[in-house]
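Listed here are the chains, written in short residue letters.
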Amino acid sequence: MPLISSSCHAVRALFVMIALMASPLAAQVSGTSTPATPVSAAAQLDPENTLYLDLSTGGRVTIKLFPNLAPAHIERIKTLVRRGFYNGLIFHRVIPGFMAQTGDPTGTGTGDSDLPDLKAEFNDMPHLRGVVSMARTEESFDTANSQFFICFQPRFHLDHKYTAFGRVVSGMQFVDAIAPGVP
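All of the points below concern the structure found in this document. Please read these numbers as outputs of a predicted model, since none were measured by experiment.

## As for the overall build of the protein chain
For step 1, the next point in the chain: In terms of helices and strands, the protein chain carries 3 helices and 8 strands.
For step 2, the next point in the chain: Mapped in sequence order, the helices and strands of the protein chain form the string β-α-β-β-α-β-β-β-β-β-α.
For step 3, the next point in the chain: Looking at the protein chain residue by residue over its 183 residues, the buried ones come to 52%.
For step 4, the next point in the chain: Pairs at least 24 apart in sequence give 72% of the contacts found in the protein chain among residues at least 6 apart.

Next comes the structure, spelled out in structure tokens:
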């Protein structure tokens with residue numbers, strides 16, 4: 001499911017685990033040696049709406065979810081995380097200076113979960129650096145399913161055309177380090 005074009009790129013960075021924050025003092029969500037989020041930082045986050053991406057590179061990306069902006073999309077992400085859907089998936093599409101995209105179990109950019117597509121929940125969150133947004137087909141606004149992307153740089157042309165639902169609050173340097181590859 002391409003975001004803008006049909007070209008897809010595999011990357012060397014894989015998801016090891018993607019998990020919701022269980023509590024502010026949760027130690028090793030993924031069972032890896034990645035240290036826990038510091039209590040001071042975790043205290044500022046809502047445990048029910050914090051998502052961790054533990055990358056195979058050893059980096060941890062913490063994402064704050066905004067259920068008030070996109071409740072159906074947040075519920076979808078949470079459902080898929082609880083199922084373990086994202087575990088081991090690659091960032092199949094990385095465009096330097098634009099975004100890194102994941103959420104396709106086939107790794108080709110054409111796959112999704114077995115759940116029905118979502119109705120768009122466009123909102124006023126601008127697509128700034130670190131914003132997390134749902135991918136969809138170019139043909140229809142209501143085709144978001146499991147794929148999402150993280151913006152490397154502001155991309156205001158995506159505003160009100162893609163459902164933004166979260167923002168990286170720590171670990172953006174690990175997202176920046178995801179290198180584009182060839183499938």
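There is more to say after this.
## A short note on the environment of H73
For step 1, the next point in the chain: In this structure, H73 sits in helix α2 (residues 71–83).
For step 2, the next point in the chain: Sequence separation between H73 and L118 is 45 residues, and the spatial gap between their C-alpha atoms is 7.2 Å.
For step 3, the next point in the chain: With sequence-adjacent residues up to four places away left out, H73 is seen in contact with L118, K119, A120, E121, M134, A144 and T163.
For step 4, the next point in the chain: Looking at H73, its side chain comes within polar contact range of the side chain of E121, at 2.5 Å.

## Some points on the pairing of strand β6 (residues 131–134)
For step 1, the next point in the chain: Because side chains alternate across β6, one face comprises the buried residues V131 and S133, and the other comprises V132 and M134, equally buried.
For step 2, the next point in the chain: Direction of pairing for β6 relative to strand β8 (residues 164–170): antiparallel, over a ladder of 3 bridges. Each residue of the ladder has a partner; that of V131, found in β8, is R167.
For step 3, the next point in the chain: As defined by bridge partners, β6 adjoins strand β7 (residues 148–151) across 3 bridges and the pair is classed as antiparallel. Bridging across to β7, M134 finds its partner in F148.

## A word on α2
For step 1, the next point in the chain: For α2, which comprises 13 residues, the first-to-last C-alpha distance of 18 Å matches the rise-based estimate of 18 Å (1.5 Å per residue) to within 8%.
For step 2, the next point in the chain: Every buried residue of α2 is accounted for by H73, I74, R76, I77, K78, L80 and V81.
For step 3, the next point in the chain: G84 lies just past α2 and shows a positive phi near 80 degrees.

## A short note on empty space enclosed by the protein
For step 1, the next point in the chain: Enumeration over the complete set of coordinates arrives at 1 cavity of 30 Å³ or more.
For step 2, the next point in the chain: One number sums up the size of the largest cavity: a volume of about 40 Å³.
For step 3, the next point in the chain: Residue lining of the largest cavity: H73, L118, K119, A120, F122, M134, A135, R136, F141, A144, Y162 and T163, and that is the complete set.
For step 4, the next point in the chain: A per-class count over the lining of the largest cavity returns 8 nonpolar, 2 polar and 2 charged.

What counts and what doesn't
Residues numbered from 1 in each chain as written. Predicted model: local features only at pLDDT ≥ 70, side-chain atom pairs only at ≥ 80, totals over all residues. Heavy atoms only, no water. Helix = DSSP H or I, 4+ residues; strand = E, 2+ residues; numbered from the N terminus. Buried < 20%, exposed > 50% of the residue type's maximum accessible area, 1.4 Å probe, protein only. Contact = heavy atoms within 4.5 Å. Polar contact = N/O pair within 3.5 Å; in protein donor to acceptor, adjacent residues only side chain to side chain. Pairing = 2+ DSSP bridges. Expected span 1.5 Å × (residues − 1). 1 Å grid on protein atoms, 1.4 Å probe; cavity = no way out; pocket = protein on both sides within 12 Å on 5 of 7 lines; lining within 4 Å. Points joined across faces, edges and corners; volume = space filled by probe spheres on them. Nonpolar A, V, L, I, M, F, W, Y, C, P; charged D, E, K, R; others polar.

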